[in-house]
Amino acid sequence: MTFSIDSMVTSEEVLAAFCNAGVAAEDVSSIQYRGSNHSWCVSFTSRVLKDFILEKGVVTFGNVSVFVGNTDFKTVIVKV
């Protein structure tokens, strides 16, 4: 899963944001920052967790909400 954020955040803040979204810390397998396009890439231990976050669509960093996307380019349709 990938996302971009304008503010400076640390890997610890990224982990905390996903934990607050309902994912356990041990279920995050990697967190990577891509400097070339200022985006973050987060991997999970299972597809179910990734789908769970994709269906939420948003992760919150303090008072900033960030849309998340799928690095596999899969479309998730959420019924509103």
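Bear in mind that the values here come from a model prediction, so they are computed numbers and not experimental data.

Draft legend 1. Fine view of the nonpolar core. Among the nonpolar cores identified, the biggest contains 20 residues, and F3, V14, F18, F44, I53 and F61 are the most heavily contacted of them. Mapped by element, the contributors of at least two residues to this core are α1 (11-20), β3 (39-44), α2 (47-56) and β4 (58-61). The contacts of F3, once residues within four sequence positions are left out, are V14, F18, S39, W40, V42, F61, V66, F67 and V68.

Draft legend 2. How the structure looks around the environment of S43. By secondary structure assignment, the location of S43 is in strand β3. Each C-alpha atom of the pair S43 and S30 lies 5.1 Å from the other, and the pair is 13 residues apart in sequence. In this structure S43 touches D27, V28, S29 and S30, once residues within four positions along its chain are discounted.

Draft legend 3. Summary view of the packing of aromatic side chains. Scanning all chains against the criterion turns up four aromatic pairs. With a centroid separation of 5.0 Å and 55° between ring planes, the pair formed by Y33 and W40 is classed as tilted. Through successive ring pairs, a cluster of aromatic residues spans F3, F18, F44 and F61.

Thresholds, definitions, all that
- Per chain, residue numbering runs from 1 following the sequence as it is written.
- Totals for whole chains, interfaces and linings use every residue, but because this is a predicted model, local features are given only for residues with pLDDT of at least 70 and side-chain atom pairs only at 80 or more, for both listing and counting.
- Computation of side-chain values covers all heavy atoms of the structure but excludes hydrogens and water.
- Joining through side-chain atoms within 4.5 Å is the link that ties buried Ala, Val, Leu, Ile, Met, Phe, Trp, Tyr and Cys residues into a set, and such a set is a nonpolar core.
- Think of it in three bands: residues with accessible area under 20% of the maximum for their type are buried, residues over 50% are exposed, and the middle band is partly exposed, with areas taken using a 1.4 Å probe on protein chains only.
- Each helix is a run of DSSP H or I of at least 4 residues and each strand a run of E of at least 2, with the numbering of both proceeding from the N terminus.
- Whether two residues are in contact is decided by their heavy atoms, any of which lying within 4.5 Å being enough.
- Each aromatic pair joins two rings of Phe, Tyr and Trp (for Trp, the six-membered one) with centres within 6.5 Å, and gets the label stacked for planes under 30 degrees apart, edge-to-face for over 60, and tilted for any other angle.

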